[in-house]
Amino acid sequence: QNVTLSTILSSSRLLADNHRLTDTQIIPIINQGYAQLYDKLVQAYGEDYNISISYFNTTGSSGSYALPADCYKPRGLDVQCNGNQYLPLKPFIWKDRNAYVNASSDFGVYGPDYRYRFQGNNIILTPVPSSVNQIKLTYIPVPTQLTGGTDSFDRNKSDGSNTSSTTQLCKC
């Protein structure tokens, strides 16, 4: 069930018993509360909460690729190996950053043996891919910014308890 910004504004005015603040003054507070609630839900439910998928192709000459602008928390990478089949890539830890540099990035029995690391707003692949491969990024997107009265979020997706999401937002 979707909850609109208009509904949240009405509920927050009732809870605060305050009609002096304008919508323009309240909306940033609601967005801040929604971001805090979203962060708690992501921490509690992780990849089971809200997932997006993005695809990109390696260039055959670069090991660094930008994360999508709406990426809040990356979860993992897969490489396409056969038609619609994807194999999960393994992360590498910082101390092993040079261990795979001279490794082959060719397809093995199961696919290329890339390793990855999320660093800032980038995905770092090692060894640097020597061919073009499709990569699937699974990530949790940033919370939606509510700006207009009909903007909404999915109450069922945002509320794992019996407490109303609207009430939780208004209390943040």
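Quantities reported herein were computed from a predicted structural model and do not represent experimental measurements. (Residues numbered from 1 in each chain as written. Predicted model: local features only at pLDDT ≥ 70, side-chain atom pairs only at ≥ 80, totals over all residues. Heavy atoms only, no water.)

Direction of pairing for strand 4 (residues 71-82) relative to strand 9 (residues 134-141): antiparallel, over a ladder of 7 bridges. If you follow Cys-71 over to strand 9, its bridge partner there is Pro-141. Adjacent in sequence and paired antiparallel, strand 4 and strand 5 (residues 85-88) are bridged by 2 residues, among which Gly-83 carries a positive phi angle near 55°. (Pairing = 2+ DSSP bridges. Helix = DSSP H or I, 4+ residues; strand = E, 2+ residues; numbered from the N terminus.)

Reading across the sheet, the 4 strands line up as 2-9-4-5 and stay open at both edges, with antiparallel pairing between neighbours. What marks the edges here is a single partner per strand, and that holds for strand 2 (52-57) and strand 5. On average, each strand axis in the sheet is tilted by 35° relative to the strand beside it, whichever way the strands run. Packed on one face of the sheet, helix 2 (residues 23-45) meets strand 4 and strand 9 and runs near 45° to strand 4. (Axes fitted to C-alpha atoms, helices over the stretch in contact; angles between N-to-C directions. Contact = heavy atoms within 4.5 Å.)

Time to look at helix 2. Between its terminal C-alpha atoms helix 2 stretches 31 Å, which fits the 33 Å expected from 23 residues at 1.5 Å a residue. In the stretch just after helix 2, Gly-46 is the one whose phi turns positive, near 55°. (Expected span 1.5 Å × (residues − 1).)

Averaged over every residue, the pLDDT of the protein is 81; the share at 70 or more is 79%. Low pLDDT (under 50) marks residues 158-168, which in the prediction has 20 contacts with non-local residues, meaning those over four places away or in another chain. (pLDDT = per-residue confidence, 0-100.)

Here we come to the nonpolar core. Counting residues in each nonpolar core, the largest one holds 16 residues, and the members touching the most others are Leu-5, Ile-8, Leu-9, Ile-30, Tyr-38, Leu-146 and Phe-153. Listed by contribution, the elements that provide at least two residues to this core are helix 1 (5-16) and helix 2. Other than its neighbours up to four places away in sequence, Leu-146 contacts Leu-5, Ile-8, Ile-27, Ile-30, Asn-31, Asp-151, Ser-152 and Phe-153. One finds Tyr-114, Ile-123, Leu-125 and Ile-135 within the second-largest nonpolar core, a separate group that totals 14 residues. (Core = buried A, V, L, I, M, F, W, Y, C linked by side-chain atoms within 4.5 Å. Buried < 20%, exposed > 50% of the residue type's maximum accessible area, 1.4 Å probe, protein only.)

Before going further, it helps to examine the sheet that holds strand 7 (residues 115-119). Within a sheet, neighbouring strands are paired by backbone hydrogen bonds and run either parallel or antiparallel to one another. Strand order across the open sheet formed by 4 strands is 3-8-7-6, with mixed pairing between neighbours. One side of each edge strand has no neighbouring strand; the edge strands of this open sheet are strand 3 (64-66) and strand 6 (90-91).

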